[in-house]
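Coordinates in review
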Amino acid sequence: MGFLYSRTFLYATLGAILLGLMMVVRQWDLFRATLASHFTFSGAGTFLFVLTGAKILHELGHAVTAKRMGARVSSMGVALIVLLPMLYTDTNDIWRVGDRRKRLAVSIAGVATEVMLAAWATLAWGLLPDGYLRNAMFFLGFVGWVATLLLNLSPFMRFDGYFVLSDWTGIPNLHDEAGALGKWKMRQLLLGVRDPMPAVAAPSQAGWLIAFAWFTWFYRLTVFLGIAVLVYHFAIKLVGIILFVVEIVWFILLPVYQELKAWSERADTVRRSPVFLRTLMILGTGLVLACVPWPSLYHGAGVLRTAEERVLYAPEAAQVTVLPARDGAAVPAGRRLAELSSAKLEQRVLENEARLRRLEAEAAAARVSPSLSDRLPVVLGQLETVLAIRDALRDDVARLTPAAPAEGEVRFVDPELAVGDWVAKDEALLVVRQPAPWRATVYVEEGAIHRVFKGATARFYPAELSGRTLPMRVERIDRDTSQVLSLPMLAQSAGGSVETRPDGRGNEIPSHSVYRVTLVADEGVEAWAGRDWRGQVIIRGESEIPIVRLFRYVMSIVWREAGF
């Protein structure tokens with residue numbers, strides 16, 4: 001396998017990386033669509049299968065490189081970490097080798113193997129025709145890049161990135177030495193304890209080792225909390241609860257307890273320390289602030305409407321014969337706005353009139369002729385039906401000349417609509433905008449609706465007018481959650497703030513419980529009139545105690561997850 005370690009193969013792989021990334025950029029839409037199409041159960045199964053194969057090759061990369069560097073690989077296998085199977089390779093024998101560069105080569109060999117796989121697989125995906133093999137190359141390339149960049153290169157867990165950093169710095173037990181320095185510095189800053197600095201391989205490196213330790217703690221806290229949540233959600237509920245508790249207690253609460261226990265052993269020294277008194281004052285101040293009501297602000301995307309709109313529709317498929325003189329013209333109530341001509345409707349009117357005349361003649365004959373008198377009730381019933389149809393047709397004809405329902409400003413739905421054009425039945429033709437109180441609509445999440453009350457002050461910030469605002473107040477709060485988003489432009493997919501999903505009928509359904517809140521402006525801005533505005537709404541809600549808010553949030557989660 002020596003050719004894999006040659007300069008020729010290295011340069012070829014670098015070329016494959018460049019070409020593969022160029023092809024991904026050129027086919028980015030296809031790459032993204034392929035990724036989205038595999039978010040299925042079968043896609044997850046394929047991902048796990050490919051991930052397993054990539055990790056096996058990853059470990060073989062460590063093992064083969066260690067053998068080439070003169071070390072003995074005593075074992076390879078599977079270890080359980082947080083009940084998750086993880087492959088491992090025992091390369092500790094490499095520490096017998098005095099050359100640090102060889103140790104670095106062994107540490108980075110797994111990452112290099114996955115990068116090599118990802119490079120050639122990405123290039124193959126760009127060159128192969130559609131089919132099973134191309135999909136396999138897509139998975140192999142995607143898994144290689146993700147596993148390498150997001151997991152293996154992290155030095156904050158005991159993955160390859162950690163061992164590379166350990167070899168590069170020459171500190172074998174990097175996490176242990178950095179952790180000891182981090183605890184020493186933390187006790188010094190918080191308690192004022194003057195313990196001697198722990199011995200480290202290089203005292204000049206103490207500064208960055210302390211920062212490394214603190215960031216490692218934060219990183220692990222985030223990761224362990226995330227793993228605990230995933231374990232809770234993806235396992236059977238009772239098992240998930242048990243595993244969640246074990247994860248929190250073992251990896252988070254136990255280390256905190258051990259550190260607090262170490263603090264208690266220095267209680268006599270700590271009590272007399274002014275640094276400890278300062279820490280207590282900071283904690284006390286934070287506790288007081290957490291128990292004091294703070295004004296709450298709710299931010300969300302909203303739509304401001306500066307007028308009420310009434311839409312006029314075509315009652316039948318018809319041809320436009322008359323239109324308003326211009327778009328935006330002021331019209332009084334009752335003014336005819338357009339005229340439509342429908343040959344089909346006119347034909348129905350003529351046929352109905354002919355049938356009406358025939359029935360009237362037949363009824364007149366039945367009244368004077370004894371031989372036809374028996375048909376008179378039937379003819380009168382048909383005549384009544386035809387008269388009702390005539391009235392309905394007259395209404396349809398009247399609707400062919402729509403009038404302004406109220407005083408306002410007429411707007412064309414289609415700016416290119418002209419006399420002579422044909423329109424379909426129920427097609428929107430014109431809109432009459434009436435001056436009305438300016439109102440804005442915003443959707444508030446269930447967890448924040450209790451802070452919003454009728455009469456609360458708010459401000460609307462239009463997206464297209466930087467620095468301009470409109471004072472408003474809450475006029476109405478829906479009592480029930482919104483089942484359908486009445487304003488699709490407020491969905492996240494359209495640039496809004498409400499997470500939604502389509503229902504297949506053209507509607508946007510909120511993914512979480514939201515309430516529609518309507519705001520009204522006491523007065524408007526003349527320059528804003530005549531159109532709708534999208535922007536941000538900030539509502540000044542009721543003051544709330546932060547610790548109570550946290551308690552309410554925790555209890556809502558407990559209540560939601562309590563049912564089995």
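Provided above is the structure to which this section pertains.
Residues numbered from 1 in each chain as written. Predicted model: local features only at pLDDT ≥ 70, side-chain atom pairs only at ≥ 80, totals over all residues. Heavy atoms only, no water.

**Considerations on a nonpolar patch on the surface**
Here is the rule: Patch membership requires more than 30% relative accessible area and the absence of a salt bridge. Residues of like charge join within 9 Å; the nonpolar side chains Val, Leu, Ile, Met, Phe, Trp and Tyr join within 5 Å. Only the protein chains shown count as cover for residues, with accessible areas throughout obtained via the Shrake-Rupley method and a probe of 1.4 Å. Just to be clear on terms, a salt bridge is a Lys or Arg side-chain nitrogen sitting within 4 Å of an Asp or Glu carboxyl oxygen. Counting from the N terminus, the helices are DSSP H or I runs at least four residues long and the strands are E runs at least two residues long.
On the surface, I56, L57, L60, M76, V78 and L87 cluster together into a nonpolar patch covering about 480 Å² of accessible area. Mapped by element, the contributors of at least two residues to the nonpolar patch are helix 3 (41–68) and strand 1 (76–81). In terms of residues, the nonpolar patch owes the most to one element, helix 3, which gives 3 residues. Within the secondary structure, L57 is located in helix 3.

**Describing the sheet that holds strand 4 (residues 318–322)**
Let me state the cut-off plainly: Strand pairing is defined by DSSP finding a minimum of two bridges between the two strands.
Within the open sheet, the 3 strands sit side by side as 6-4-8. Their pairing is antiparallel. Each edge of the open sheet is held by one strand with a lone partner, namely strand 6 (339–341) and strand 8 (422–423). Here strand 4 runs beside strand 8; their pairing, made up of 2 bridges, is antiparallel. For Q319, the partnering residue across the bridge sits in strand 8 and is W422.

**A look at the side chain of E508**
Going by this rule: Partly exposed describes any residue whose relative accessible area lies between the buried limit of under 20% and the exposed limit of over 50%, with all areas from a 1.4 Å probe on protein chains only and scaled to the type maximum. Asp and Glu are treated as the negative residues and Lys and Arg as the positive ones, with His and the ends of the chain left uncounted. Pairs of N or O atoms within 3.5 Å make up the polar contacts considered here, provided that, within protein, one atom can donate a hydrogen while the other can accept it, and that residues adjacent in sequence are counted only when both atoms are side-chain atoms. Contacts between residues were defined by any pair of non-hydrogen atoms, one from each residue, lying within 4.5 Å.
With respect to the helices and strands, E508 occurs in strand 13 (residues 508–510). The charged side chain of E508 is buried without a salt bridge, its nearest counter-charge being R501 at 8.8 Å. Only 2.7 Å separates the side chain of E508 from the side chain of T500, close enough to count as a polar contact. Excluding residues that lie within four positions of it along the chain, E508 makes contacts with V484, L485, P488, S493, T500, R501 and P502.

**Some details on the side chain of T113**
The residue T113 is located in helix 4 (residues 100–127) in this model. If sequence neighbours within four positions are ignored, T113 has contacts with L57, H58 and G61.

**Some points on the packing of helix 4 against helix 6 (residues 160–169)**
Filter applied, for reference: To get an axis, fit a line to the C-alpha atoms, keeping to the stretch in contact for a helix; angles then go from 0 to 180 degrees between the N-to-C directions. Working definition: roughly parallel below 35 degrees, roughly antiparallel above 145 degrees, roughly perpendicular at 65 to 115 degrees, and oblique for all remaining angles. In this scheme the handedness of a crossing depends on how the near helix is turned from the far one: anticlockwise by less than a right angle means left-handed, clockwise means right-handed.
One can describe the packing of helix 4 onto helix 6 by two numbers: an axis separation of 9 Å at closest approach and a directional angle of 165°. What the angle tells us is that helix 4 and helix 6 run roughly antiparallel. As for how helix 4 packs across helix 6, the hand of that crossing is left-handed. Where helix 4 approaches helix 6, its residues R100, R103, L104, S107, I108, G110 and V111 are matched on the opposing element by D160, F163, V164, D167, W168 and T169.

**Comments concerning the pattern of salt bridges**
Evaluation of the coordinates by the stated rule reveals 16 salt bridges. Here R187 and E259 are joined by a salt bridge, their closest N and O atoms 2.8 Å apart. Note that R187 is positioned in helix 7 (residues 174–191) and E259 in helix 9 (residues 237–264), a separation of 72 residues in sequence. With respect to class, R187 is no different from E259; both count as buried. With a closest N to O distance of 3.1 Å, D478 and R516 form a salt bridge. Placement of D478 in the loop between strand 11 (470–477) and strand 12 (500–502) and of R516 in strand 14 (residues 514–520) is noted, with a sequence separation of 38 residues between them. Linked by salt bridges that have partners in common, R476, D478 and R516 make up one network.

**With respect to the pairing of strand 4**
Across 3 bridges, strand 4 lies against strand 6 in antiparallel orientation. In the strand pairing of strand 6, V322 is matched with E339.

**Structural notes on the nonpolar core**
Filter applied, for reference: The definition of a nonpolar core used throughout is a set of buried Ala, Val, Leu, Ile, Met, Phe, Trp, Tyr and Cys residues joined through side-chain atoms within 4.5 Å.
Core analysis: the biggest nonpolar cluster contains 23 residues, and L304, L519 and I539 have the highest contact counts within it. When residues of this core are traced back to their parent elements, those giving at least two are strand 3 (297–313), strand 9 (428–445), strand 10 (457–462), strand 11, strand 14 and strand 15 (532–540). Counting residues per element, this core draws most heavily on strand 9, at 4 residues. Of all hydrophobic cores here, the second largest spans 21 residues; its members include L312, L337, L429 and V432.

**Some points on helix 13 (residues 376–399)**
Stated formally: The span expected for a helix works out to 1.5 Å for each residue beyond the first.
Compared with an ideal rise of 1.5 Å per residue, which puts 24 residues at 34 Å, helix 13 spans 35 Å between its outermost C-alpha atoms and is within 8% of the ideal. Buried residues in helix 13 make contact with helix 12 (343–368).

**With respect to the packing of aromatic side chains**
As a reminder of what qualifies: Between rings of Phe, Tyr and Trp, where Trp is taken as its six-membered ring, a pair exists when centres lie within 6.5 Å; planes separated by under 30 degrees are stacked, by over 60 edge-to-face, and by other angles tilted. By the criterion adopted, a ring carries a charge over it if an Arg CZ or a Lys NZ lies within 6 Å of its centre and within 35 degrees of its normal.
According to the stated counting rule, one finds 12 aromatic pairs in the structure shown. Arranged with centres 6.2 Å apart and planes meeting at 50°, the rings of W125 and F138 form a pair that is tilted. Of this pair, W125 sits in helix 4 while F138 sits in helix 5 (residues 132–152), and the two are 13 residues apart along the sequence. Comparing W125 with F138, the two get one shared label, buried. Here the aromatic cluster, defined as three or more aromatic residues joined through ring pairs, consists of F156, W208, F212, F215, F218 and Y219. Over the aromatic face of Y5 sits the side chain of R68, whose NZ or CZ is 4.4 Å from the ring centroid. A cation sits over an aromatic face here: R134 above W125, 4.7 Å from the ring centre.

**Notes on the packing of helix 1 (residues 7–26) against helix 4**
Any two packed helices are characterised by how steeply their axes cross, that is the angle between the axes, and by the distance between the axes. Convention followed: All residues other than Ala, Val, Leu, Ile, Met, Phe, Trp, Tyr, Cys, Pro, Asp, Glu, Lys and Arg, Gly among them, are scored as polar; the first ten of these are nonpolar and the last four charged.
Across the interface, helix 1 lies against helix 4 with an axial gap of 8 Å and an inter-helix angle of 45°. By the angle between their axes, helix 1 is oblique relative to helix 4. For the element pair helix 1 and helix 4, the recorded crossing hand is left-handed. On helix 4, the residues that touch F9, A12, T13, A16, I17, L19, G20, M23 and V24 of helix 1 are V115, M116, A119, W120, T122, L123, W125, G126 and L127. Taken together, the residues that form the contact of helix 1 with helix 4 break down as 14 nonpolar, 4 polar and no charged.

**Some remarks on the environment of L465**
Within the element layout of this structure, L465 appears in the loop between strand 10 and strand 11. We classify L465 as partly exposed; its relative accessible area is 24%. Through-space distance from the C-alpha of L465 to that of R72 is 69 Å; in sequence the pair is 393 residues apart. Residues contacting L465, with those up to four places away along its chain left out, are W528 and W533.

**Observations concerning the environment of V106**
Within the secondary structure, V106 is located in helix 4. Among all residues touching V106, those that are not within four sequence positions of it are H62, T65, A66, M69, T91 and I94.

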